[in-house]
Amino acid sequence: ETAGGGDILTLAWSRNPQYLLTLSDTAEVAVVLSQEDNVKSIGFYVIKQQDSTHRAISYDNEVGRTDGFKYVCAIGAHFPRLVGPASYVIIPATFEPELTGAFRVSVYSSDPNMTLEPSTHGWKHSKQAEGKWEGATAGGAPNVETFINNPQFTLRVPPGPPGPVLVQLVQEASRFEEASIGFLVVGRAADASGKVAQSDLFKQKDPSNPVLTEGIVAQPEGWVQKMDVLCRLALGEEGGQFVVIPSTFKAGVDRPFALLAYGDRELNLEGPL
């Protein structure tokens with residue numbers, strides 16, 4: 001029994017329970033999600049596993065889902081051919097977030113060596129900050145002069161054992177309204193504070209030909225039309241301080257978003273500045 005994060009169009013979807021399905025070979029698979037009554041609208045998603053050491057936090061590589069969410073005692077999906085050997089993540093959910101209740105995930109497979117187990121190993125530390133692109137703060141991507149007007153957030157990682165830190169941007173929108181989103185991670189001196197300026201981002205101020213400076217330490221692979229994007233910072237023992245600037249690709253797109261940071265070392269995320 002758990003309070004889930006709702007369907008994948010909600011900012012908190014990754015809080016849902018997750019189950020790791022491991023196949024030893026390519027197989028036919030059927031998945032059934034059941035509850036004791038039909039008072040909650042339920043469904044599930046299946047994605048290809050990307051990180052073998054942590055729960056899924058980014059919704060990528062979907063291989064299937066139920067036909068919507070329904071007020072039923074049981075709902076299922078059939079996969080005639082799931083490629084193996086491989087692992088998949090099953091994400092059961094209620095349509096509305098924060099609903100509690102008992103449920104069961106059942107998997108039937110032609111692979112006799114199939115295994116199914118809860119995926120419980122999350123990142124040791126995580127932080128979340130929420131913001132909104134609205135009016136003047138909906139500045140668009142770095143190729144427009146108003147990019148600097150987007151909300152800015154400070155990420156601090158104190159000295160500690162070397163290890164990655166993941167930064168994720170999640171937009172709140174329906175599947176038919178997804179905007180292309182992305183962000184820049186800007187390195188800062190330990191004693192710096194406040195927002196970064198236009199001159200911190202570009203070698204020249206000509207908005208028609210911006211050239212990003214070497215201070216940009218990370219960013220996702222471009223601005224893409226997805227619910228969430230993320231990138232990985234490989235940090236040494238010294239840690240670091242950064243400013244994260246999320247944006248939509250087009251200026252003037254108003255909507256809420258969440259910025260998240262994950263790591264197995266201490267970290268802090270604050271903002272908007």
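Since the model is a prediction, treat every value here as computed from it, not as a measurement.

Draft legend 1. View of the side chain of Ser 41. You can see Ser 41 is positioned in strand 3 (residues 41-48). Here Ser 41 falls in the buried class, since its relative accessible area comes to 9%. Looking at Ser 41, its side chain comes within polar contact range of the main-chain nitrogen of Lys 70, at 3.3 Å.

Draft legend 2. Representation of the sheet that holds strand 10 (residues 125-133) within the structure. Reading across from one edge, 10-18-12-16 is the order of the 4 strands in this open sheet, with antiparallel pairing throughout. The open sheet has two edge strands with one neighbour each: strand 10 and strand 16 (228-235). Taking the axes of each pair of neighbouring strands and ignoring which way they run, one obtains an average angle of 15° across the sheet. Examined bridge by bridge, strand 12 (residues 163-171) and strand 16 share 8 bridges and lie antiparallel to one another. Looking across to strand 16, one finds that Val 167 is bridged to Cys 231.

Draft legend 3. Highlighting the packing of aromatic side chains. Per the counting criterion, the structure on display carries 7 aromatic pairs. Where Tyr 45 meets Tyr 59, the ring centres are 5.6 Å apart and the plane angle is 80°; that geometry is what we call edge-to-face. Of this pair, Tyr 45 sits in strand 3 while Tyr 59 sits in the loop between strand 3 and strand 4 (62-65), placing them 14 residues apart in sequence. Residue classification places Tyr 45 among the buried residues on the basis of a relative accessible area of 3%. Here Phe 69 and Phe 95 contribute two aromatic rings whose centre-to-centre distance is 5.7 Å and whose plane-to-plane angle is 65°, an arrangement assigned as edge-to-face.

Draft legend 4. Summary view of unusual backbone geometry. The residue after Gly 84, namely Pro 85, is reached through a cis peptide bond having omega 0°. Its place among the elements puts Pro 85 in the loop between strand 6 (74-82) and strand 7 (86-94). With an omega dihedral of 5°, the bond running from Gly 271 to Pro 272 counts as a cis peptide bond. On the secondary structure map, Pro 272 appears in the segment after strand 19 (268-270). Unusually for a residue other than glycine, Asn 61 sits at a positive phi of about 55°. Among the secondary structure elements, Asn 61 is positioned in the loop between strand 3 and strand 4. At Glu 98, a position not held by glycine, the phi torsion is positive, near 65°. Of note, Glu 98 is situated in the loop between strand 7 and strand 8 (103-109).

Quick notes on the rules
Residues numbered from 1 in each chain as written. Predicted model: local features only at pLDDT ≥ 70, side-chain atom pairs only at ≥ 80, totals over all residues. Heavy atoms only, no water. Helix = DSSP H or I, 4+ residues; strand = E, 2+ residues; numbered from the N terminus. Buried < 20%, exposed > 50% of the residue type's maximum accessible area, 1.4 Å probe, protein only. Polar contact = N/O pair within 3.5 Å; in protein donor to acceptor, adjacent residues only side chain to side chain. Pairing = 2+ DSSP bridges. Axes fitted to C-alpha atoms, helices over the stretch in contact; angles between N-to-C directions. Phe/Tyr/Trp six-rings, centres within 6.5 Å; stacked < 30°, edge-to-face > 60°.

Keep in mind that these numbers describe shape and distance, not what the molecule does.
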